[in-house]
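Examination of the molecular architecture
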Amino acid sequence: MSGGQAGAATPPDAVEVIRSRRVVLPDGERPAAVHVVDGRITAVTAPGEVPSGVAVTDLGDLVLMPGVVDTHVHVNEPGRTEWEGFASATRAAAAGGVTTIIDMPLNSIPPTTSLDALAAKRAAAEGQVAVDVGFWGGIIGADARRLDDLAALHDAGVFGFKAFLAPSGVEEFPHVSLDVLAAASRHAARMDALTVVHAESPSVLAEAPEAAGRTFASWLRSRPPAAEKAAVASLAALTASTGARLHVLHLAAAQALDDVVSAREAGLPMTVETCPHYLTFTAEEVPDGATVFKCAPPIRERANLDRLWDGLAAGLFAGVVTDHSPATPALKSVETGDFGTAWGGIASVQLGLAAVWTQARRRGHGLVDVVQWMCSGPADLVGLGAPGLGTGGAGAAPSGTKGRIAVGADADLVVFDPDATFVVEPSLLRHRHPLTPYAGRTLDGVVLATYLRGRRADGSRPARGRLLSR
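Here's what I pulled together on the structure shown here. (Residues numbered from 1 in each chain as written. Predicted model: local features only at pLDDT ≥ 70, side-chain atom pairs only at ≥ 80, totals over all residues. Heavy atoms only, no water.)

**Quick look at unusual backbone geometry**
- For the bond from Glu77 to Pro78, the omega torsion is 0°, close enough to zero to count as cis.
- In this fold, Pro78 is placed in the loop between β6 (68–73) and α1 (86–95).
- With an omega of -5°, the peptide bond between Ala296 and Pro297 qualifies as cis.
- Mapped onto the secondary structure, Pro297 falls in the loop between α9 (276–280) and α10 (302–313). (Helix = DSSP H or I, 4+ residues; strand = E, 2+ residues; numbered from the N terminus.)

See the structure below:
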């Protein structure tokens, strides 16, 4: 997976000034020079406004964009590091232009539902992350002890709390009822904390046929769009009654966007995300036995994909994030191809940017749109952004700002060739198990370098990532 502009200089290990004729800024794409001191952006100027004696990296027509912020990643360490781990997940992230991930609270053992569990996760991650890493807390109950745990996790800097309305797939992270979620979200609201929810209705799922066998249609029938629509409608009602900030994770069913629109028109603090695989693949193209395509909610039909893109164009989504959720070949039932037994999750943190750009450009969108969906939007959602920033002066960003090329922000930058193409070769993927539905697919856009606070970030260099607190 390589490519680029002929004659372009090899990006250095660290940058002082990096300029391009195509810099994606908060107010659009234009020629600019980005100045970096001590890991932060200190100025964004015209390309020729560079002090003498300063090292300049000139990208020519290659794109300079902010690092991707992926707020939905399952690292699984500690406890299930054989599925994935901090070293492998963050190497893959850096290779794909991702400079910040927020790790989900489940699939690791213990799940991140207490201070001790958060400490264990931070200890596992310390010293081996190639990009910056933050953490979600988890909601698995709403009795007094659990509510105390939420408050303690919030004080310790988690970026919010995740809950499942339907079974999560792992015993140690049970799903919760709407009543329990309401109690927990009221508590979160008092802390002004974000609650993020896997939104499928368990009652609708219970009435659907169980998945079994090698046909994707069986899996699709078992997770009907009505399950998502019913859950999103319930969350909108819960937001209205509690005032809590609720965020719908990985929306697949476009028909549920009607409830998102209604919530927005009512002024409710409910947001929603979707994922690259829902914007790329269609149910009609999934081969029998191809369990690498299995995820929950499932990939849906072509007409649904088109409606999701319409929703993106209309500004209905807070972001596009990967829901990177890898597992071992045995858990994915690779040999049997049985959709009923396979683990549901798609590993794509290295490929998300290229996958979205491939589809976006064909639908008339530019990189300014992609940066909004994958960089500034997710950063704003979790409080790492600085909405409305320009490029300097009184509008300078606070330290630690992500997702934008702006004065004061972290110099998290990506050198991107939007016109290069590559064929996805699984052996070149850096997550632990190179299983992917993108295998053999031609994607547009090649990441040539990823900078974390102005220094190159990839698996061949020291682990330069930091563990973030809200």
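Now that the structure is up, let's keep going.
**Comments concerning the pattern of salt bridges**
- The tally for this structure, following the rule as stated, stands at 26 salt bridges.
- Arg145 is paired through a salt bridge with Asp149; the nearest N and O atoms lie 3.8 Å apart. Of the two residues, Arg145 and Asp149 are both situated in helix α3 (residues 144–155); the distance of 4 residues between them amounts to about one turn of the helix.
- Of the residues examined, Arg145 reaches a relative accessible area of 48% and is grouped as partly exposed.
- Connected through salt bridges with shared partners, the residues Asp132, Lys402, Asp410, Asp412 and Arg453 form a single ionic network. (Salt bridge = Lys/Arg side-chain N within 4 Å of Asp/Glu carboxyl O. Buried < 20%, exposed > 50% of the residue type's maximum accessible area, 1.4 Å probe, protein only.)

**Examining empty space enclosed by the protein**
- In this structure the tally under the stated criterion is 3 cavities of 30 Å³ or more.
- Put simply, the largest cavity is a space of about 50 Å³.
- For the largest cavity, the full set of lining residues is Val292, Pro326, Ala327, Lys332, Gly345, Ile346, Ala347, His433, Leu435, Thr436 and Pro437.
- Classifying every residue of the lining of the largest cavity gives 7 nonpolar, 3 polar and 1 charged. (1 Å grid on protein atoms, 1.4 Å probe; cavity = no way out; pocket = protein on both sides within 12 Å on 5 of 7 lines; lining within 4 Å. Points joined across faces, edges and corners; volume = space filled by probe spheres on them. Nonpolar A, V, L, I, M, F, W, Y, C, P; charged D, E, K, R; others polar.)

**Let's talk about the pairing of strand β7 (residues 98–103)**
- Taking burial as the measure, the 6 residues of β7 include 6 buried ones, the bulk of the element.
- Where β6 and β7 come together, 4 bridges link them in parallel fashion. Opposite Asp70, over in β7, you have Ile101 as the bridge partner.
- Handedness of the crossover joining β6 and β7 through α1 is recorded here as right-handed. (Pairing = 2+ DSSP bridges. Right-handed = clockwise from strand over helix to strand, strands pointing away.)

**Quick word on the sheet that holds β7**
- One open sheet accounts for 3 strands, arranged β6-β7-β8; its pairing is parallel. Looking at the sheet topology across the chains shown, the edges are occupied by β6 and β8 (132–135). On average, each strand axis in the sheet is tilted by 20° relative to the strand beside it, whichever way the strands run. (Axes fitted to C-alpha atoms, helices over the stretch in contact; angles between N-to-C directions.)

**What about the sheet that holds strand β12 (residues 245–248)?**
- The 6 strands are arranged β9-β10-β11-β12-β13-β14 in an open sheet whose pairing can be described as parallel. Because the sheet does not close on itself, it has two edges, and the strands there are β9 (137–138) and β14 (319–320).
- Sheet topology places strand β10 (residues 161–164) next to strand β11 (residues 194–198); 4 bridges connect them, and they run parallel. Paired with Lys162 across the strands is Val196, a residue of β11.

**A few points about the environment of Ala266**
- With respect to the secondary-structure elements, Ala266 resides in the loop between α8 (257–265) and β13 (270–274).
- The exposure class assigned to Ala266 is exposed, which follows from its relative accessible area of 55%.
- Through-space distance from the C-alpha of Ala266 to that of His187 is 22 Å; in sequence the pair is 79 residues apart.

**A few points about the layout of surface pockets**
- Its boundaries defined by the atoms lining it, the largest pocket holds a volume of some 670 Å³.
- Along the walls of the largest pocket sit 35 residues, with Pro167, Gly169, Trp219, Arg223 and Ala296 positioned nearest its centre.
- At the level of secondary structure, the elements contributing two or more residues to the lining of the largest pocket comprise β10, α5 (202–207) and α6 (216–222).
- Residue contributions to the lining of the largest pocket peak at 3 residues, all from α5.
- Here the lining of the largest pocket is built from residues that sort into 16 nonpolar, 14 polar and 5 charged.

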